[in-house]
Amino acid sequence: MSHADNALTLRYRLSVLSRFCAAIFGGYFFTAYSVALLSLLLPTAKVDAVLYSVCASILIFCCVFIAVFGVRSQKRIWSSLISSILGLHLLTQYIQGGI
Amino acid sequence: MIYGLAMLLCLGAFYAFAMAKTAHYKSVFGTRPSQEQTKRFNLSGWIIILLSFIVNLSQAIGYGSLMFCGQMALSVLLIAVCLTYKPNWMRSLFYLLPLLAVIMVVSSQVF
Amino acid sequence: MKESFFRSMTWLHTWVGLLLCWLLFLIFFAGTISFFRHEISLWNQPAVHNIDHNKQQQQTLIESGLAYLNSAAPEANRWWIGLPSSRQPELQVSHRHSQGEGKRDKWHDERLDPNTLLPIEGLVDTKGGNFFYRLHFDLHYMDRKLARWLVCFASLFMLIALISGIVIHKRIFKDLFQFRPQKGVRAWLDAHNLSSVLALPFHLMITYTGLITLIFMLFPNPAETLYEDGLKGFRADFYPERQRIEASNKKLDEPAFEAAFTHFYQNWPEQKIKRVIVDHPSNTAVNIKIYGDNGTLIRDEYPYWQYSGTTGELLKTARLDPSNAEMLYGGMIAVHSGRLAHPGLRWLYFICGIAGCVMIASGCIMWAKRIKERLKPTQTASFGLKLVETLNIATIMGLPLATAGFFYANRLLPPDMVARADKEVLVFFVVWLATTLFTSLFRDKRAWQWLAYCNAAIWLLLPVCSALTTHSNLLTYIQDGKWILASFDLAFITTALVFYLQAKKLANKATANKSVSNKRTRVTAEQRA
């Protein structure tokens, strides 16, 4: 039972904690920025754009959450999450500035 | 009334799905099903469930599909409970279900 | 890679499911009961039981509601008329009064018999089904905002657990009907699979749409990016009917009700009305707001007409022709709350909700059993295991018991008690706390069995208690065709029966278990060796 032995090491516990943090907080911010961008991109009325993007948000959150637990390397999770959040944020700023 | 018919159809469909499984068929009828029988049960299950879906949707698309989800849940529950505790009843259901459906259709035509 | 993904999903399913399982059980349980929110409010209010079904025209009802309010509260800043439905037989007339600067306006609620149009006598102070409705997302004794975040968090975990559960349960349709009650932990696994698969569309739908109901708290970002003043601006755009109307100083003797309603009935003769609100009925700022009934349409917000009370002309309408986005969003919320459901669908909702409770409960129980199995015979139970077992039994057995306590309190507390509604809620929590204290001391199979018997007895006596305190019982309900009340009694008896069967089964197991458990430990020991 290598699984049970693993469970006791501090390292393992920390990696679990980090994964949950990535999934919850990283997932949250990723979703928040991506729906903000989505609402800007949708070519509908303002109310409708908000409603559509809000309805899609939970779907995005779930996909990110599952993906975080599906990917093996911790480094890749954090780096891709942070860079994509930054990218989304910059893109949103750019479009808003452009308008 | 029409939703009752849809419910019966749904129950019938899941009955057929259950009987298409060798273990369940054996616990009800005592013999192993032939491959032909399994195939037939499966096919009829799909046809009947499609019918049930259509009957539900014919009433109202949104409300009907909600009903359909609920009916599926109830059907699976009833069939599972029946298979576990009263497998004998399943055999009578084989004749009872079509009979009930016919009665329902006829009575809805009469009244 | 595929194998490791599968393993990580199993792991995710266990942890995400279990971290908040008791909170989830509470949410599911309260939500399931809230499908009968108005019915419970009716049951809790015996004075309303004897009211006959409304036979009046809606026009007459509205007119008499307005006349009643005009004589009872001409100075109110808002009148509110709720028309009777099949779930709420009474005509609700409420008026709201300003309490001066900085204070919240105060509501006075009254109810009229729709047939005699007289106020109903002998109402008691009770929260009714609204208690469970609020408990479902506001919890209780807790800051509202924090509670809602917690509930959202739990729901998100639920959704993740569902998705990962589908991934790991490969043979999802293969052993769909399988339930083997004789096989120990295997039986719990079967119960878990069966209850989750049979209502899988419901579970996914209810969790997703549940998150959507609180979505603007979770993700205000789209509204904040598109609107200058954020959510406020979005709300003003999306809910034109919520725009505040300021009072004016000029008095008005008689608002133009007749002109407004004549216009409405002429142009929308088929429209059923859900409620009528009149803002500032005594001055020239008067506005008449009419909310249409959606019936069984999958929509959440009601179609809306606003008339000027001085001239009787139509000022604005909303949602007469909703856009696709509104249909999507409103549809999700409508499907979640199930307000549209007729009794048939409502019971199906209820059954699916119970399946959800069973799913969560069996998951919790399996977890405790697995930890226990892993213990070596010489080891004593750790604090964690004790905690898990205590919480399991306290939530799974304690919540139904507390609910019964709430119903008893409604019937047995004196009607003229001060703050009676809060006392009912207090009884709910006291019973729950007592169960928790009991289970922190005893949490073996005996405790389960004892609490199951306790539940069975209490639920069985509930119809008796109700019959003794209200002058009517199951038979008279059936005779008078009061199906809602009759089904309450039948549901109580069924609940009692289910708990009795469970208790009996536990008793059988407790005697059979000794020999089996000996055998099992020997077998596992051999396997390990």
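None of the values given here were measured: they were computed from a predicted structure. (Residues numbered from 1 in each chain as written. Chains lettered and ligands numbered in written order. Predicted model: local features only at pLDDT ≥ 70, side-chain atom pairs only at ≥ 80, totals over all residues. Heavy atoms only, no water.)

### Some details on the overall build of chain B
Secondary structure summary: chain B contains five helices and zero strands in total. Traced from its N-terminal end to its C-terminal end, chain B shows the element sequence α-α-α-α-α. Relative to its length of 111 residues, chain B is compact, with a C-alpha radius of gyration of 14 Å against a globular reference of 13 Å. Taking the principal axes of its C-alpha atoms as reference, chain B extends roughly 40 × 30 × 25 Å. (Helix = DSSP H or I, 4+ residues; strand = E, 2+ residues; numbered from the N terminus. Rg over C-alpha atoms; globule rule 2.2 N^0.38 Å.)

### As for unusual backbone geometry
All names here are of chain C. Positioned with a positive phi, histidine 280 is a non-glycine residue whose angle comes to about 50°. Inspection of the secondary structure puts histidine 280 in the loop between strand 4 (273-279) and strand 5 (287-292). Phi at arginine 319 takes a positive value of approximately 60°, unusual for a residue other than glycine. With respect to the element layout, arginine 319 can be found in the loop between strand 7 (314-318) and helix 14 (324-337).

### Observations regarding helix 6 (residues 129-138) of chain C
All names here are of chain C. The buried count for helix 6 comes to seven of 10 residues, which makes it a mostly enclosed element. Turning to helix 6, its buried residues number three or more, namely Gly129, Phe131, Phe132, Leu135, His136, Phe137 and Asp138. If you follow the buried residues of helix 6, they end up packed against helix 2 (21-34), helix 3 (37-43), helix 7 (144-168), helix 14, helix 16 (383-412) and helix 17 (420-441). Immediately beyond the C-terminal end of helix 6, within one or two residues, lies leucine 139, with a positive phi of roughly 50°. (Buried < 20%, exposed > 50% of the residue type's maximum accessible area, 1.4 Å probe, protein only. Contact = heavy atoms within 4.5 Å.)

### Quick notes on the interface of chain C and chain A
Between chain C and chain A, the residue contacts involve 41 residues of the former and 35 residues of the latter. Between chain C and chain A, a total of about 3,400 Å² is buried, with carbon and sulfur atoms accounting for 81% of that surface. It is Trp11, Phe219 and Leu226 of chain C that lose the most area in chain C upon contact with chain A, and together they represent 21% of the buried surface on that side. Connecting chain C to chain A are zero salt bridges. Linking chain C with chain A are eight residue pairs in polar contact (both at pLDDT 80 or more), by the criterion used here. Looking at the side of chain C that touches chain A, the elements with two or more residues in it are helix 1 (2-19), helix 7, helix 9 (200-213), helix 10 (215-218), helix 11 (221-226), helix 12 (230-238) and helix 14 of chain C. The biggest single contributor to the side of chain C that touches chain A is helix 1 of chain C, with 10 residues. (Buried area = accessible area lost by both parts, 1.4 Å probe. Salt bridge = Lys/Arg side-chain N within 4 Å of Asp/Glu carboxyl O. Polar contact = N/O pair within 3.5 Å; in protein donor to acceptor, adjacent residues only side chain to side chain.)

### Description of a negative patch on the surface
Together, Glu63, Asp253, Glu254 and Glu258 of chain C line one region of the surface with negative charge. Mapped onto the elements, glutamate 254 of chain C comes out in the loop between helix 12 and helix 13 (257-267). (Patch = residues over 30% accessible without salt bridge, like charges linked within 9 Å, V, L, I, M, F, W, Y side chains within 5 Å. Areas by Shrake-Rupley, 256 points an atom, 1.4 Å probe, with all protein chains shown as cover. Lys, Arg positive; Asp, Glu negative; His and termini not counted. Charge placed at Lys NZ, Arg CZ, Asp CG, Glu CD.)

### Some points on the confidence of the model for chain B
Summarising the model, chain B shows a mean pLDDT of 91, and 100% of its residues fall at 70 or more. The element-level mean pLDDT for chain B is lowest in helix 5 (residues 87-110) of chain B, coming to 87, with helix 3 (residues 35-59) of chain B highest at 94. (pLDDT = per-residue confidence, 0-100.)

### Some thoughts on the interface of chain C and chain B
It is common to report an interface's size as the accessible area lost on association of the parts. In this complex, chain C contributes 23 residues to the contact, which on the side of chain B involves 22 residues. Summing both partners gives a buried area of about 1,800 Å² for chain C against chain B, and 82% of it is carried by carbon and sulfur. The largest share of the area that chain C buries against chain B comes from Phe177, Leu198 and Leu348 of chain C, three residues that together contribute 39% of it. Applying the counting rule to chain C against chain B returns zero salt bridges. Taken together, the links from chain C to chain B amount to one residue pair in polar contact (both at pLDDT 80 or more). Looking at the side of chain C that touches chain B, the elements with two or more residues in it are helix 8 (185-198), helix 9 and helix 15 (343-374) of chain C. With five residues, helix 15 of chain C is the largest single contributor of residues to the side of chain C that touches chain B. Classifying every residue of the side of chain C that touches chain B by side-chain character gives 19 nonpolar, three polar and one charged. (Nonpolar A, V, L, I, M, F, W, Y, C, P; charged D, E, K, R; others polar.)

### Notes on the sheet that holds strand 1 (residues 78-82) of chain C
By way of backbone hydrogen bonds, the strands of a sheet pair with one another, either parallel or antiparallel. Residue and element names in this part refer to chain C. Pairing is antiparallel across the open sheet formed by seven strands, whose spatial order is 3-2-1-4-5-6-7. Two strands in the sheet have a free side with no partner beyond their single neighbour: strand 3 (106-112) and strand 7. Sheet twist, expressed as the average angle between the axes of neighbouring strands with direction ignored, equals 15°. Alignment of strand 1 against strand 2 (residues 91-97), held across five bridges, turns out to be antiparallel. Opposite tryptophan 80, over in strand 2, you have serine 94 as the bridge partner. Strand contacts of helix 5 (residues 58-72): strand 1, strand 2, strand 3 and strand 4, with the helix running at about 150° to strand 1, the strand carrying the most contacts. Here helix 13 sits on the sheet in contact with strand 1, strand 4, strand 5, strand 6 (304-308) and strand 7, set at roughly 30° to strand 5. (Pairing = 2+ DSSP bridges. Axes fitted to C-alpha atoms, helices over the stretch in contact; angles between N-to-C directions.)

### Brief notes about helix 2 (residues 22-29) of chain B
Residue and element names in this part refer to chain B. Among the residues of helix 2, those classed as buried are His24, Tyr25 and Val28. Buried residues of helix 2, viewed axially, fall in a sector of 100°; they line one side. Those residues of helix 2 that are buried are in contact with helix 1 (2-19), helix 3, helix 4 (61-85) and helix 5. Positive phi shows up at glycine 30, right after helix 2, with a value of about 85°. (Arc of directions from axis to C-beta.)

### Describing the domain arrangement of chain C
Residue and element names in this part refer to chain C. Looking at the assigned domains, one finds that chain C contains domain 1 (2-45 + 130-214 + 349-528) and domain 2 (48-121 + 224-336). Spacing between the C-alpha centres of domain 1 and domain 2 amounts to 39 Å. Contacts between the two partners involve 22 residues from domain 1, matched on the other side by 13 residues from domain 2. Summed over both sides, the interface of domain 1 with domain 2 buries roughly 1,500 Å², with 58% coming from carbon and sulfur. One can count one salt bridge joining domain 1 with domain 2. For the salt bridge of arginine 87 with glutamate 39, the shortest nitrogen-to-oxygen distance reads 3.0 Å. At the junction of domain 1 and domain 2, the tally comes to 11 residue pairs in polar contact (both at pLDDT 80 or more). Of all the elements in the fold, those that place two or more residues in the side of domain 1 that touches domain 2 are helix 3, helix 9 and helix 20 (483-528). Class assignment for the residues of the side of domain 1 that touches domain 2 results in 12 nonpolar, six polar and four charged. (Domains from an automatic or database assignment.)

### Observations concerning a nonpolar patch on the surface
All names here are of chain B. Together, Leu96, Leu99, Leu100 and Ile103 make up an exposed nonpolar region whose accessible area comes to about 360 Å². By secondary structure assignment, the location of leucine 96 is in helix 5. Here leucine 96 falls in the partly exposed class, since its relative accessible area comes to 41%.

### As for the nonpolar core
One finds Ile58 and Phe65 of chain A, Phe14 of chain B together with Phe234, Tyr329, Tyr349 and Phe428 of chain C to be the most contacted residues of the largest nonpolar core, which totals 175 residues. At 14 residues, helix 3 (residues 46-70) of chain A tops the list of elements feeding residues into this core. Counting contributing residues per domain, this core is built from domain 1 (2-45 + 130-214 + 349-528) and domain 2 (48-121 + 224-336) of chain C, each supplying no fewer than three. Look past the residues within four positions of tyrosine 349 of chain C in its chain and what remains in contact with it is Leu66 of chain B together with Phe35, Phe202, Met205, Ile206, Val335, Gly338 and Ala341 of chain C. Counting residues in hydrophobic clusters, the runner-up holds 27 residues, among them Leu61, Val93, Leu252 and Val286 of chain C. (Core = buried A, V, L, I, M, F, W, Y, C linked by side-chain atoms within 4.5 Å.)

### What to know about the pattern of salt bridges
All names here are of chain C. Applying the stated rule across the entire model yields 20 salt bridges over all chains. In this structure, the salt-bridge partner of aspartate 105 is arginine 96, at a minimum N-O distance of 3.4 Å. Look at aspartate 105 and you get partly exposed, because its relative accessible area is 29%. Between glutamate 424 and arginine 420 there is a salt bridge, with its nearest N and O atoms 2.9 Å apart.

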